[in-house]
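Each chain is listed here by its residues.
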Amino acid sequence: MHDFLPLAHVGHWLWTLYVFPVLIVIFSIVKTTISEKRKAKRDSQRSTD
Amino acid sequence: MPFAHALVAREDLPIPAWLFAWGASIILIVSFFALSAAWRTPKFEDGNWRPLRAGASRLLLGLPTQIVCGLAGVFLFGVAVYAGLRGTEAPDRNFAITFLFVTVWLGFPALSVVVGNVFKPFNPWRAIGRAVGSGFATIAGQRPARLAYPEALGRWPAAIGLLAFVWLEVVYSASGGVAVGVSPHTTAVAALIYSSYTLAMMALFGVEKWCERGEVFSVYFGMFSRLGSFGVRDGRLGVRRPLSAATGWATVPGSAAVVIASIATTSFDGAQEGAFKGGIESVFDWLVDAGFGLTTALRLTDTIFMALCFAGIALVYLAGVRGMETVRGAPPLPKLRSGFAHTLIPIAFAYLVAHYFSLVVFQEQAQFTYLLSDPLGTATTDLFGTASGGIDFTILSANAIWYVQVGALVVGHVTGLTLAHDRAVAYWGDYRQAARSQYWMLAVMVAFTCFGLYLLSVANA
């Protein structure tokens, strides 16, 4: 009976492919911002030491 | 029957539609890094204004030209209203619908970008207001008294008017299938109501003031004219660096609402029978079950989704601005909020081109053939011998439309990104900090690009 792939409704999830680039950019921004803040903190600690 | 989007199914593309969104995002990211590395001083804040010859200004801005253009505007507006009141009720056969909703509404943004704010001299309400004002001054020997315009209102009346105009077109008159579903009679009545309101506001606050702040079409077309090279300063025609005039546009309150309303209404129009179709049907069924009539339920549902579009676009923009605020040396939030609103103008234009390019190409064939010769659509007149003309739908292939849509969105968003980076360099001074502040605007631009391409891919499928 079920010898086919259940792909009839896969089109409903096509929008996720359009969200990927946005998520990748947001993830990169968050990662970069955190690492820049850590670096700035380390630098300020070094200068006080 | 003229359809708004994709008359025929798209042929096979060389790559899936969603990969275009990935490609567009990569172009934006590369552009961002190129701007970060190479764009170190603001280039648009000083417009590099150069006045044209005095003769050109006299010819194009002089009183005779103003009178001729004003008369032409009033005449054409009158023809559209008359056709709406007396012509056929078939929207696609009546001059009023295509003229007002396609030729004017979609034609003037493109014209404004290319040759400057050409709507101003053709604006029928401005022409009538100025003529009445001059008549009054001649008879009374003094200029009419004016109320001071409440500056806190800014361009909010225009933003609300813009939403109301599109609401009338795509929500109140939603019919599906036809390019513009609103009936000619409704359009003519709405035009007369709007004319009364506009002339009353002009009498209260002054013709030019109302055109700058509250007159929907002047504000809307004027916004797009800021992207181009031609403008008027101190009564002289001149040339400036393209995009530079946009930098000073959003200083008036409510300007961000105007440009966001433009993007939101275009998005909603593109999505209502595509990406939002399932959601709209669910809410519609729920409202009908709750006891609303079919027409009320449909209008209420569409209104909710249009409002959600506005809120969603506003939220994405505000998120980008909030992100900028976290960068060291950032100006206060209100300054950021208004200071970057102009970066959305190219996006609004790109959305217009992407969503309506094919509609304009098809409908303008009707405008300049059978609608011009038989404006009432009654098949009783043939003024220019073109009443038997028609629309050649093979003039554009579905794939060509798709490539124009993708190109418009990419160019529009890269332009927006460039304007944002330029403004950031002006605000932060240091180009490295400016680049940091633009991380979030990059996310905004990628989000708008992917959203736009998703809407179009579903609408064209």
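Up top you'll find the structure we're talking about.
Everything numeric here is computed off the predicted structure, so don't read it as measured data.

Rules of the game
- Residues numbered from 1 in each chain as written.
- Chains lettered and ligands numbered in written order.
- Predicted model: local features only at pLDDT ≥ 70, side-chain atom pairs only at ≥ 80, totals over all residues.
- Heavy atoms only, no water.
- Helix = DSSP H or I, 4+ residues; strand = E, 2+ residues; numbered from the N terminus.
- Buried < 20%, exposed > 50% of the residue type's maximum accessible area, 1.4 Å probe, protein only.
- Areas by Shrake-Rupley, 256 points an atom, 1.4 Å probe, with all protein chains shown as cover.
- Pairing = 2+ DSSP bridges.
- Contact = heavy atoms within 4.5 Å.
- Axes fitted to C-alpha atoms, helices over the stretch in contact; angles between N-to-C directions.
- Buried area = accessible area lost by both parts, 1.4 Å probe.
- Salt bridge = Lys/Arg side-chain N within 4 Å of Asp/Glu carboxyl O.
- Polar contact = N/O pair within 3.5 Å; in protein donor to acceptor, adjacent residues only side chain to side chain.
- Nonpolar A, V, L, I, M, F, W, Y, C, P; charged D, E, K, R; others polar.
- Parallel < 35°, antiparallel > 145°, perpendicular 65-115°, else oblique.

> Would you mind showing me how to read the overall build of chain A here?
Tallying secondary structure elements over chain A gives 1 helix and 0 strands in all. Burial analysis of chain A (49 residues in total) assigns 10% to the buried set. Accessible surface, chain A as shown: approximately 4,500 Å² in total, 68% of it carbon and sulfur.

> Help me understand the sheet that holds strand β1 (residues 50-51) of chain B, please; the structure alone is not making it clear to me.
Strand pairing within a sheet occurs via backbone hydrogen bonds; the two strands may be parallel or antiparallel. Residues and elements named next belong to chain B. Spatially, β1-β3-β2 is the arrangement adopted by the 3 strands of the open sheet, whose pairing is antiparallel. Looking at which strands have only one partner, the edges of the open sheet turn out to be β1 and β2 (230-233). Where β2 meets strand β3 (residues 236-239), 4 bridges bridge the pair, whose relative direction is antiparallel. Across the sheet, residue V232 finds its bridge partner in β3, namely L237. Sitting on the sheet, helix α2 (residues 54-61) touches β2 and β3, and the angle it makes with β3 is about 120°.

> Can you walk me through the interface of chain B and chain A in this structure?
By a widely used convention, the size of an interface equals the accessible area lost when the partners come together. Taken together, the contact between chain B and chain A spans 17 residues of the former and 15 residues of the latter. Across the interface of chain B and chain A, roughly 1,400 Å² is buried in total on both sides, 79% from carbon and sulfur atoms. Contact with chain A buries area across many residues of chain B, yet W18(B), W22(B) and Y439(B) alone supply 38% of it, more than any other trio. Taking the shortest distance from any N to any O, the salt bridge between R436(B) and E36(A) comes out at 3.1 Å. Here chain B is connected to chain A by 5 residue pairs in polar contact (both at pLDDT 80 or more). Of all the elements in the fold, those that place two or more residues in the side of chain B that touches chain A are α1 (17-38) and α20 (439-460) of chain B. Of the residues forming the side of chain B that touches chain A, the biggest block, 10 residues, is contributed by α20(B). Each residue belonging to the side of chain B that touches chain A can be placed in one class, and the counts come to 14 nonpolar, 2 polar and 1 charged.

> Before we go on, may I ask you to explain the packing of helix α11 (residues 216-225) of chain B against helix α16 (residues 345-367) of chain B in this structure?
When two helices pack together, their arrangement is captured by the angle between the axes and the distance separating the axes. Residue and element names in this part refer to chain B. Look at α11 against α16: their axes get within 9 Å of each other, and the N-to-C directions meet at 105°. What the angle tells us is that α11 and α16 run roughly perpendicular. Facing α11, whose interface residues are Y220, M223 and F224, α16 presents I345, A348, F349 and L352. Across the contact of α11 with α16, the residue classes tally to 7 nonpolar, no polar and no charged.

> Sorry, what's going on with the packing of helix α8 (residues 156-172) of chain B against helix α12 (residues 255-271) of chain B here?
Residue and element names in this part refer to chain B. Where α8 meets α12, the closest approach of the two axes is 9 Å, and the angle between their N-to-C directions is 10°. Comparing their axes, α12 and α8 come out roughly parallel. Touching W156, A158, A159, L162, L163, V166, V170 and V171 of α8 are A257, V258, A261, S262, T265, F268 and D269, all from α12. Across the contact of α8 with α12, the residue classes break down as 12 nonpolar, 2 polar and 1 charged.

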